[in-house]
Protein chains: 2
Amino acid sequence: MDNHQLDALFAALADPTRRAIVARLTEGEVTVSDLADPHDMALPSFLKHLTRLEAAGLIQTRKQGRTRICTLHPEALSEATTWIDRQRTAWEGRLNRLEALLSQPDTPDT
Amino acid sequence: MDNHQLDALFAALADPTRRAIVARLTEGEVTVSDLADPHDMALPSFLKHLTRLEAAGLIQTRKQGRTRICTLHPEALSEATTWIDRQRTAWEGRLNRLEALLSQPDTPDT
DNA sequence: CCTTTACTTAGCCATATGGATAACCATCAA
DNA sequence: TTGATGGTTATCCATATGGCTAAGTAAAGG
């Protein structure tokens, strides 16, 4: 995944309103106004959050009559965990190499 | 984990410079100037990134003489995956319930 | 001591972000 | 067809963010 997409993804998750939206959408599709209802915020402000989530690939929306319906796109979340897991793997690998080095002090280097 | 910490954590990861720093630190401790070296940026600008990573709990630093040494604090990364995994679990749960409902149309509701 | 070296602090600037209003457009219902 | 309803667009505003330079401190090194 490209760096810029990761920026958008992590930035999208770096806001409580947007995380709440994601959490809500795990329960299924919701219309914009129903989604907005629990958030004490003007609709246009709320809309901007939706737009950012959509730009980050975290949600998808479609228009049905005059209402817009939002659905979660959970695949985007794995892009985030993939990056994180890569870091963790690298870290573990380093620890393992260190450990190996300490348990075999006979061959300090090749 | 508290909402505000998650904000800081995800925001910290939403920048390529900072992700590069994290990636670099998976290989072990590095001093500030060595860390900064590959980044085409004035030191004070770079320092601000370090500060944000530290505030997010992603790295820890200590002073040794006049140099500062940075180390990764990978536990912070799991705070992020924990939240993400919770969302994924919720989503899967909903899918499973849906599936169950469809395969057993005899008991539509209790 | 004096000078690097390695950060640190203090400001400054442009752009991005999160919020608001006001006004507009497009259904649906009566 | 006339409201009301559900979004949408266009601005606007304050603060945050990511970059900079200039000037400061503090530990080595000679």
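Here the structure is a predicted model, which is why all the values come from computation and not from measurement.

Looking at the packing of helix α1 (residues 3-13) of chain B against helix α5 (residues 75-103) of chain B
Residue and element names in this part refer to chain B. Viewed as axis vectors pointing N to C, α1 and α5 meet at an angle of 105°, and their least axial separation amounts to 10 Å. The orientation of α1 relative to α5 falls into the category roughly perpendicular. Contacts from L6, L9, F10 and L13 of α1 reach α5 at A76, L77, E79, A80, W83 and I84.

What about the protein's contact with DNA strand D?
Surrounding DNA strand D, one finds 21 residues, the nearest of these being S33 and R66 of chain A together with S45, H49 and R52 of chain B. H49 of chain B is positioned with one of its side-chain polar atoms (N or O) 2.3 Å from a phosphate oxygen of DNA strand D. Between a phosphate oxygen of DNA strand D and a side-chain N or O atom of R52 of chain B, the distance comes to 2.6 Å. Elements that contribute at least two residues to the surface near DNA strand D include exactly α3 (32-36), α4 (43-55) and β3 (67-72) of chain A together with α4 (43-55) of chain B. Considering every element that reaches the surface near DNA strand D, the biggest residue donor is α4 of chain B, with five residues. Residues that form the surface near DNA strand D fall into these classes: seven nonpolar, six polar and eight charged.

Digging into the environment of T81 of chain A
Its location among the elements puts T81 of chain A in helix α5 (residues 75-103). What makes T81 of chain A buried here is its relative accessible area of 6%.

Section: the pattern of salt bridges
Under the counting rule described, the total for this entry stands at six salt bridges over all chains. Taking the shortest distance from any N to any O, the salt bridge between D85 of chain A and R88 of chain A comes out at 3.3 Å. Taken together, the residues span about one helical turn, with D85 of chain A and R88 of chain A both in helix α5 at a distance of three residues. Relative accessible area serves as the criterion here: at 36%, D85 of chain A is assigned to the partly exposed category. Assessed through its relative accessible area of 23%, R88 of chain A is described here as partly exposed. Notably, a salt bridge pairs R62 of chain B with E29 of chain B, separated by 2.9 Å at the nearest N-O pair. On the criterion of sequence distance, the pair formed by R62 of chain B in strand β2 (residues 59-64) and E29 of chain B in the loop between α2 (16-25) and β1 (30-31) is long-range, its members being 33 residues apart.

Section: the protein's contact with DNA strand C
Residues in close proximity to DNA strand C total 21 residues, the closest being H49 and R52 of chain A together with S33, R66 and R68 of chain B. Backbone atoms, meaning sugar and phosphate, make up 59% of the atoms of DNA strand C lying within 4 Å of the protein. Here a base oxygen of DNA strand C sits 3.0 Å away from a polar atom, N or O, in the side chain of R66 of chain A. Contributions of two or more residues to the surface near DNA strand C are made by α4 of chain A together with α3 (32-36), α4 and β3 (67-72) of chain B. The element that contributes the greatest number of residues to the surface near DNA strand C is α4 of chain A, accounting for five residues. Counted by class, the surface near DNA strand C contains seven nonpolar, six polar and eight charged residues.

Focus on the UniProt feature "domain: HTH arsR-type" (unreviewed entry) in chain A
The UniProt feature table records "domain: HTH arsR-type" (unreviewed entry) at residues 1-92 of chain A. Taken end to end, residues 1-92 of chain A comprises 62% helix and 15% strand; its first and last C-alpha atoms sit 22 Å apart.

Quick notes on the relation of the copies chain B and chain A
Between the two copies of the chain lies a relationship made up of a rotation around an axis and a movement along it. Taken as rigid bodies, chain B and chain A are interconverted by a rotation of 180° and an axial shift of 0.0 Å, the fit giving an RMSD of 0.0 Å. Both copies are brought into coincidence by an operation consistent with a two-fold rotation axis.

Overview of the interface of chain B and chain A
On the side of chain A, 29 residues touch chain B, which itself brings 29 residues to the contact. Broken down residue by residue, the surface that chain B buries against chain A is led by R19, T26 and W91 of chain B, which jointly contribute 23%. Taken together, the connections running from chain B to chain A amount to two salt bridges. The closest approach of N and O atoms between D7 of chain A and R19 of chain B, which form a salt bridge, is 2.7 Å. Linking chain B to chain A there are six residue pairs in polar contact (both at pLDDT 80 or more). Of all the elements in the fold, those that place two or more residues in the side of chain B that touches chain A are α1, α2 and α5 of chain B.

Conventions and cut-offs
- Residues numbered from 1 in each chain as written.
- Chains lettered and ligands numbered in written order.
- Predicted model: local features only at pLDDT ≥ 70, side-chain atom pairs only at ≥ 80, totals over all residues.
- Heavy atoms only, no water.
- Axes fitted to C-alpha atoms, helices over the stretch in contact; angles between N-to-C directions.
- Helix = DSSP H or I, 4+ residues; strand = E, 2+ residues; numbered from the N terminus.
- Parallel < 35°, antiparallel > 145°, perpendicular 65-115°, else oblique.
- Contact = heavy atoms within 4.5 Å.
- Near = heavy atom within 4 Å.
- Polar contact = N/O pair within 3.5 Å; in protein donor to acceptor, adjacent residues only side chain to side chain.
- Nonpolar A, V, L, I, M, F, W, Y, C, P; charged D, E, K, R; others polar.
- Buried < 20%, exposed > 50% of the residue type's maximum accessible area, 1.4 Å probe, protein only.
- Salt bridge = Lys/Arg side-chain N within 4 Å of Asp/Glu carboxyl O.
- UniProt positions renumbered as here; feature names shortened; annotations may be inferred.
- Least-squares fit on C-alpha atoms with pLDDT ≥ 70 in both.
- Buried area = accessible area lost by both parts, 1.4 Å probe.

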